[in-house]
Structure formats: structure tokens, C-alpha cells
Amino acid sequence: MSFDHRKYSPFVTVDKPDRKWPSRRIEQAPLWAAVDLRDGNQALIKPMSVAQKKRFFKLLVEVGFKEIEVGFPSGSQIDFDFCRALIEEDLVPDDVHIQVLTQSRHELIERTFEAVRGARNAIVHIYNATSPTFRDQVFNVDKEGCKAIAVQAATWVRDMAAQQPETHWSFEYSPETFSATETDFAVEVIDAVNEVWRPDQGQRVIINLPATVEVSTPNVFADQVEIVHENIRYREHVLISVHTHNDRGCGVAAAELSMMAGADRVEGTLLGNGERTGNMDLVTCGMNLYAQGIDPLIDFSRMKEIVQVVEEITDIPTHPRHPYAGDLVFTAFSGSHQDAIRKCLGLYKPGDIWRVAYLPIDPADLNRRYEEVVRINSQSGKGGVTHVLERDYGISLPRWLQQEMAKLVQTDAEEDGGEIDSRRVHQRFNSDYLEVPNGWTLRSYDLHRGEEGVQAQISIGDQRSPVTVLSGRGEGAVGALVESLNRRHGWQLQVEAFDEYSLGDNTEANAMACVRVQVGGHTQSAVALAADTTAAALQAILSAAGRMAEAQARKSA
Ligand code: KIV
Ligand code: ZN
């Protein structure tokens, strides 16, 4: 059998009983670094062209990124040309740092400096893998040899930067595979690199801690970051950055716990494109801050554009359930969710703290429409039907009618197996409740109130049928109509439910009435809109009675 878990060993945990990060909170956005144009690009089936990189870079700048890894210029001519274009065409704003990655080899570092010659602000990023697997099996070096590679590269970087004083340089070092490296050894290598760079003497230094492959739970990674944070020399002069991948699906969680553990800076890609399962997703991480009332310092209100540009350039569609960005993430199909959302949205006023059930953030903040929030399928209940009728047609129904209509719509959805749009819900409402059966339109009414109640003369009919005059007596207009109908049809019609509303002045009809009547154990509901509440009530009774008469006629035919 090849599917055998015994092939694998448990991840190594870190012994740090005095860990402090679990009781910390994230209170501000980290310094973000977007690595879409390098790490993201390296993972694409079709890597980006210079034109595509320009477009992506422009978006990153516009939404607010200040540190952008633009490529691996010593490894790719396109990346080299892109660096040159950025500098020669003056495409980099003054406050933006471009970052370039290089392996720790002399000729590659040299070529990298060539690529960014003339840049205003540049970050040269060197790395070498430090974990036992790489030391033993890939590079065949011991710990000293591994550290020496880093120190040598740091020295070349320092010296080459000194040759290009027109640029404001930042130096970045990544102990690649940090999360799989003995943390005390990682600290040793970082210290050795910093002895060359001397951040305490003014050199801007970024120490980037990658979970090159995510190998453990995020708490273990946070412990590792906290150990570095507490133990490296020159800590107060160094930016600690994290660069997590998503192999176990926890790239964002690992970055967040790392911020609690002392990380100042976070590298990632928009929507998480990157090697294997991807890089840490900047959209999710940033929006997680936003949803807690922290300014992410990135303009995610341009989410639609972000998704569009990323999809177009990476040729990777966004999952419809992708946090904050997917097509369906603000949609509720479930009836109880719809009910709760509708109630909370009804109470929410602009300026309030957002407290809406099932919606972690206001969809409008990402330029998403409330129309998307409630959609109807066979899982939806009365809340959804009510919500779309109110939202799209301004029709509010009493509870008993909401329940009745939801059953009808649910049957439609079950038969169809898919979604029922709001137009179809409205059509159902019209055909099953609002349409007046032939011959049952209220033409006029005349009411006389006397000692014995109301005497009513009610004319009904329409273009296709002669006018019929119904006369009856009752406690009110509705009672008088019911009495006359019962006499005429030999019924014992009873009104089981009755609700009437006056509508706003802006509507053509000023009143709406909803009724459910019962005759011989059969029920029939109807809704009517009319110029006044009496006319609406009479028409609703007439429509229900007309449907009842039609049903009886069909039965006896
Ligand atoms: O994932 C990784 O380790 C990297 C480094 C080169 C920073 O991308
Ligand atoms: Zn990476």
C-alpha cells in the first residue's frame, strides 16, 4: 500500500514555555511587502511579460504597497528588463522601495545590482537555505559552511552597494526554510549576517523568516519567530519580516500569529498565488485587520479591480468562496442566515459599529451590492423571500404570508434544483396572490353605516364580464362582503388572516391588504393593492373568493 502515514514523522515543536505572543493583539498593520512579481511570478505556468509586470506594479502602487519585490533579475531577462524599465521610465514613486531577490552567488549578486542601478530606493534580498535537509542533502555543507555562505553574500552585498551610492539601499536576508531550521542556528546565522551589515550603524536591514514550506501548526511558527525576535543581536535596528507559504492551509494564520510574536513586516501575494499551495494571501490578511477596526493601509475597496487584474495576469480564477474576494462570500442561501441578516441590516444605520449576523464586514465597503447578499435556492426560507421582495420591490408581507410564499418558492427551487432569482419570486407573488381572477375586479363600492352595522353595495366585473352587484350587511365593509359572498355561493367563508398596510405616498397604490380565507377546509390567500385601505381589503377578499370559485369550478368540471 502506498498511502501509508507511517512514512512521515511528526513536526518538531519548539520548547518555549515563556511564549508571550498568545496574549498579544495585533493593533496596527504591518509593513506589507508584495512579492507577486517575484514569488507569485515564479509559480505561474506562463510567467509575466514586462507589460504585465508593469500593469501589476501600477496596481500595487495605486492600492498602497510601499515595498514591492519586482523580480529575480539575475535569473530572468524579463525580470532584468522590467527593473530597467521601472528605473529608466521613472515608474517608481519616491516613497516606494523596489525589492530584488538573488541567490547568494557573486556573479548573480553583481547582475542584480546592475539591474537596479540608478534606483532611488532598492532592497537587495539574498537567501540561502539553512535547514538540515538542505544542508545534508542538497548543498552538502555543515552548519559552519551554511553560515559562511550567508556571511559571504552579505559582504558582497555591502560592498557592491557602496559602489552605487546614488541609491538608498536596504538589505534583506532570508534563512530560506527557516521554519524547518533549528531556531537557535537560524539566530546564529542572522547574527553573523548582521555583524557584516551592522544595522546599528544606520544600514536598513530586513531579516525575513520564511516558512518556505509550511511544516507545522502556526503556533509553532509563532514560537520560532518570537525566539528570533527575543534573541537576535541589534533587534531594535532590524525589521523582522515573515514570508509564509500555505502548504497546510494556514499561511495567513501563521503570518498573523507572527505579528503577535514580534514581526514588523509581512510578505505575501494578492489572493495568494505562489509556489505549490501559494504564498500568504495579502487580501485575507489585510482584510482580517480591517474587519477588526484596524486600517490595513491598503485600499481594498478596489477589490473588484484587484481580482480582475490578478486573474487576468496569473490566469488563475478566484475561488467563489475566497475570503473577502470570492463571488459568493457575501451571499446567504440558508433561510435562517437570511432571516438574521435581514433583521440586522434593518437595524443598521450608517455610522453604527457593524454588527450584522453572518456578515463579518459590510459588503458595500468592497463595492459589493446588498443585492448579492441574499440569494434564493431550496435551502432558503421565508427570510430570503421576504428580503428580496422588500429589497427589490418594496413589498413587505405579513409573517403568515411569508411562510406560505416561502413554501411555494422552495418547491420551485427543489423542482429546478438551482437558484431562483428575485424576478421569479416576484412573478410568483404576482401570479399566486396579486393577479385578480377574471370577473372579480372591484369596480366600485358604496357603504352605509347604520344602527345594524354596514350595508354594502359592491360592484365587481371587468372588461370581459358583466358587472355584478353584491350586497350584504356586516360589522364592517369586509364582513358585509363576506356575508353577500356566502349567500350567493352557499359558502361558509371565513377570514383566517387579514393584514392591511398603508403604503408610502410615493407609490401608485396607497394601500395593500393580505388575506387568507377558508371555505370547507380549503384555504386561499390573496393580496390587493388599491387607492385606499377599504378598496384594498375588499379586493383582497374578492381575489381570494374568485380563486376559490375557480378552484371549485375546476373540481366539478
Ligand atoms: O519561500 C521562500 O523561502 C522564498 C525565499 C526566497 C524568501 O520565497
Ligand atoms: Zn516564497
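Parameters and conventions
Residues numbered from 1 in each chain as written. Chains lettered and ligands numbered in written order. Predicted model: local features only at pLDDT ≥ 70, side-chain atom pairs only at ≥ 80, totals over all residues. Heavy atoms only, no water. UniProt positions renumbered as here; feature names shortened; annotations may be inferred. Donors = N, O, S within 2.8 Å, 3.2 Å for Na, K, Ca; no water. Buried < 20%, exposed > 50% of the residue type's maximum accessible area, 1.4 Å probe, protein only. Domains from an automatic or database assignment. Pairing = 2+ DSSP bridges. Helix = DSSP H or I, 4+ residues; strand = E, 2+ residues; numbered from the N terminus. Axes fitted to C-alpha atoms, helices over the stretch in contact; angles between N-to-C directions. Contact = heavy atoms within 4.5 Å. 1 Å grid on protein atoms, 1.4 Å probe; cavity = no way out; pocket = protein on both sides within 12 Å on 5 of 7 lines; lining within 4 Å. Near = heavy atom within 4 Å. Polar contact = N/O pair within 3.5 Å; in protein donor to acceptor, adjacent residues only side chain to side chain. Areas by Shrake-Rupley, 256 points an atom, 1.4 Å probe, with all protein chains shown as cover. Sits in = over half its atoms within 2 Å of the grid points. Nonpolar A, V, L, I, M, F, W, Y, C, P; charged D, E, K, R; others polar.

Looking at an unreviewed UniProt entry, the chain carries the name 2-isopropylmalate synthase, with the source organism given as Alcanivorax dieselolei. According to its UniProt record, the chain has this under Cofactor (unreviewed entry): "Mg(2+)". Its UniProt record gives the chain a comment under Function (unreviewed entry), which states: "Catalyzes the condensation of the acetyl group of acetyl-CoA with 3-methyl-2-oxobutanoate (2-ketoisovalerate) to form 3-carboxy-3-hydroxy-4-methylpentanoate (2-isopropylmalate)."

Glancing now at the coordination of the zinc ion (ligand 2). Within the protein, the atoms that donate to the zinc ion (ligand 2) are D39 (OD), H243 (NE2) and H245 (NE2), at distances of 2.0 to 2.1 Å. Binding-site remark: the zinc ion (ligand 2) is held by donors from one chain whose sequence spacing is D-x203-H-x1-H. Of the two residues, H243 and H245, both sit in the buried class.

Domain parsing of the chain yields domain 1 (26–314), domain 2 (335–433) and domain 3 (442–556). On a C-alpha basis, the centres of domain 1 and domain 3 stand 74 Å from each other.

Another aspect to go through is the sheet that holds strand β8 (residues 265–268). Strands sit in the order β1-β2-β3-β4-β5-β6-β7-β8 around a closed barrel of 8 strands; the barrel is parallel. Direction aside, the axes of adjacent strands within the sheet are offset by 25° on average. In the sheet, strand β3 (residues 97–103) pairs with strand β4 (residues 121–129) via 6 bridges, with the strands oriented parallel. By the bridge assignment, L101 is partnered in β4 with H125. Contacting β7 (238–244) and β8, helix α9 (residues 251–260) runs over the sheet at an angle of about 160° to β7. Of the strands in this sheet, β1 (31–34) and β8 are in contact with helix α10 (residues 282–290), which crosses β1 at around 160°.

Here we take up the environment of A122. Following the sequence through the fold, A122 ends up in strand β4. Considered as a pair, A122 and A511 are 389 residues apart in the sequence and their alpha carbons are 69 Å apart. Contacts of A122, omitting those with residues within four sequence positions, involve I98, V116, T167, H168, W169 and S170.

Bringing the UniProt feature "binding site: Mg(2+)" (unreviewed entry) in the chain into the picture now. Following the UniProt record, the feature "binding site: Mg(2+)" (unreviewed entry) maps to D39, H243, H245 and N279 here. Spatial clustering of the annotated residues is evident: they stretch over 241 residues in sequence, but the largest pairwise C-alpha distance comes to 10.3 Å. Lining the second largest pocket, from this annotated set, are D39, H243 and H245. Note that D39 resides in helix α1 (residues 36–42).

Every residue lining ligand 1 is accounted for by R38, D39, L101, H125, Y127, S174, E176, N208, P210, T212, H243 and H245. Measuring from an oxygen atom of ligand 1, one finds a side-chain N or O atom of R38 at 2.9 Å. D39 places a side-chain nitrogen or oxygen 3.1 Å from an oxygen atom of ligand 1. The fraction of the free accessible surface of ligand 1 (260 Å²) that becomes covered by protein chains is 95%. One can see that ligand 1 is located within the second largest pocket. Of all elements in the fold, only α1, β4, β5 (168–176) and β6 (204–211) reach the threshold of two or more residues within the shell around ligand 1. Its residues assigned to classes, the shell around ligand 1 shows 3 nonpolar, 6 polar and 3 charged.

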